[in-house]
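Understanding the architecture of this molecule
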Amino acid sequence: MSDFKSINACVDQIKKDGFMPIKRIEKPVFKETSSDPEPFRQEIIFEAVKMDE
């Protein structure tokens, strides 16, 4: 789980920390059930580079 209420809040914090997001990766997280796997939530990962000051 994330500390951020939205994706924009996360990106704003990344920029505030001196980084620039360059790539966003979304991966589904599945929950095991008795039958087929069920989508449970979406995991979002940002790749970022340090901005020159």
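An account of the accompanying structure is given in this report. As a convention, each chain's residues are numbered from 1 in the sequence order in which they are written. Confidence filtering applies because this is a predicted model: local features only for residues at pLDDT of at least 70, side-chain atom pairs given and counted only at 80 or more, and all residues used for totals across whole chains, interfaces and linings. Hydrogens and water are ignored here; the side-chain numbers use all heavy atoms of the structure.

Considering the environment of Met20
Only runs of H or I of at least four residues qualify as helices and only runs of E of at least two qualify as strands under DSSP, and these elements are numbered from the N terminus. Along the chain, Met20 turns up in strand β1 (residues 19-31). Met20 sits 28 residues away from Ala48 along the chain, and the two C-alpha atoms are 5.2 Å apart. Contacts between residues were defined by any pair of non-hydrogen atoms, one from each residue, lying within 4.5 Å. Non-local contacts of Met20, meaning those with residues more than four positions away in its chain, are made with Lys15, Glu47, Ala48, Val49 and Met51.

Regarding the pattern of salt bridges
Counted as salt bridges are all cases of a side-chain nitrogen of Lys or Arg within 4 Å of a carboxyl oxygen of Asp or Glu. Scanning the entire structure with this criterion turns up two salt bridges. Linking Arg24 and Glu26 is a salt bridge whose minimum nitrogen-to-oxygen distance equals 2.6 Å. Of the charged contacts, one joins Lys27 and Glu43 as a salt bridge, the two residues approaching to 4.0 Å between their closest N and O atoms. In this pair, Lys27 sits in strand β1 while Glu43 sits in strand β2 (residues 38-50), placing the two residues 16 residues apart along the sequence. To sort residues, take the accessible area from a 1.4 Å probe on protein chains only and compare it with the maximum for the residue type: under 20% means buried, over 50% means exposed, and anything in between is partly exposed. Since its relative accessible area comes to 40%, Lys27 is described here as partly exposed.

Quick notes on a nonpolar patch on the surface
Like-charged residues within 9 Å of one another, or nonpolar side chains (Val, Leu, Ile, Met, Phe, Trp, Tyr) within 5 Å, are grouped into patches, provided each residue has over 30% relative accessible area and no salt bridge. Only the protein chains shown count as covering a residue, and every accessible area follows the Shrake-Rupley method with a 1.4 Å probe. Taken together, the side chains of Met20, Ile22, Val49 and Met51 present a nonpolar region at the surface, about 320 Å² in accessible area. Along the chain, Val49 falls in strand β2.

So, helix α1 (residues 7-16)
The set of residues buried in α1 consists of Cys10, Val11 and Ile14. All buried residues of α1 fall inside an arc of 95° around its axis, so they share one side. In this structure, α1 carries Asn8 and Lys16 as exposed residues pointing more than 90 degrees from its buried face. Residues of α1 that are buried make contact with β1 and β2. At the exit of α1 stands Gly18, carrying a positive phi of roughly 90°. The reported arc concerns the directions from the helix axis to the C-beta atoms and nothing else.

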